[in-house]
Amino acid sequence: MAREQVTEIVAEMVANVLSLAVEPGDRVEAGDTVVLLESMKMEIPVLVEAPGTVRAIKVAPGDVVQEGDVLVEIVTG
């Protein structure tokens, strides 16, 4: 039986959350966008690196996130 692992997708910079591309329970594949951030007038998609299922979303549109803040939790395995 494979062990379930939770991967945290974190912000790599200070930014505003523009939109969410997923909901809890959604299946995602490597390269899928989960959150769209905005920083310095640039839109920055946040991508998943491995396939899994969205367990939790920790932010909402309009939130300001700091570097290292958890955006989304993905269950793999």
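Check the entry above for the structure.
In short, a report on the structure. Computed from a prediction, not measured in an experiment: that's the story for all the values here.

Looking at the overall build of the protein
Part 1: If you tally the helices and strands in the protein, you get zero helices and eight strands.
Part 2: Along the protein, from the amino end to the carboxyl end, the secondary structure elements read β-β-β-β-β-β-β-β.
Part 3: Its C-alpha atoms give the protein a radius of gyration of 12 Å, near enough to 11 Å, the size a compact globule of 77 residues would have.
Part 4: Taken over the C-alpha atoms alone, the protein extends approximately 45 × 20 × 15 Å along its principal axes.
Part 5: Expressed as a percentage of its 77 residues, the buried residues of the protein come to 32%.
Part 6: Across the protein, the mean location of the 5 positive side-chain charges is 6 Å away from that of the 14 negative side-chain charges.

Regarding the side chain of threonine 76
Part 1: Mapped onto the fold, threonine 76 is located in strand β8 (residues 70-76).
Part 2: On the basis of relative accessibility, which here comes to 14%, the residue threonine 76 falls in the buried class.
Part 3: Leaving out residues up to four positions away in the same chain, threonine 76 has contacts with Arg3, Glu4, Gln5, Thr7, Pro51 and Gly52.

The rules behind the values
- Residues numbered from 1 in each chain as written.
- Predicted model: local features only at pLDDT ≥ 70, side-chain atom pairs only at ≥ 80, totals over all residues.
- Heavy atoms only, no water.
- Helix = DSSP H or I, 4+ residues; strand = E, 2+ residues; numbered from the N terminus.
- Rg over C-alpha atoms; globule rule 2.2 N^0.38 Å.
- Buried < 20%, exposed > 50% of the residue type's maximum accessible area, 1.4 Å probe, protein only.
- Lys, Arg positive; Asp, Glu negative; His and termini not counted.
- Charge placed at Lys NZ, Arg CZ, Asp CG, Glu CD.
- Contact = heavy atoms within 4.5 Å.

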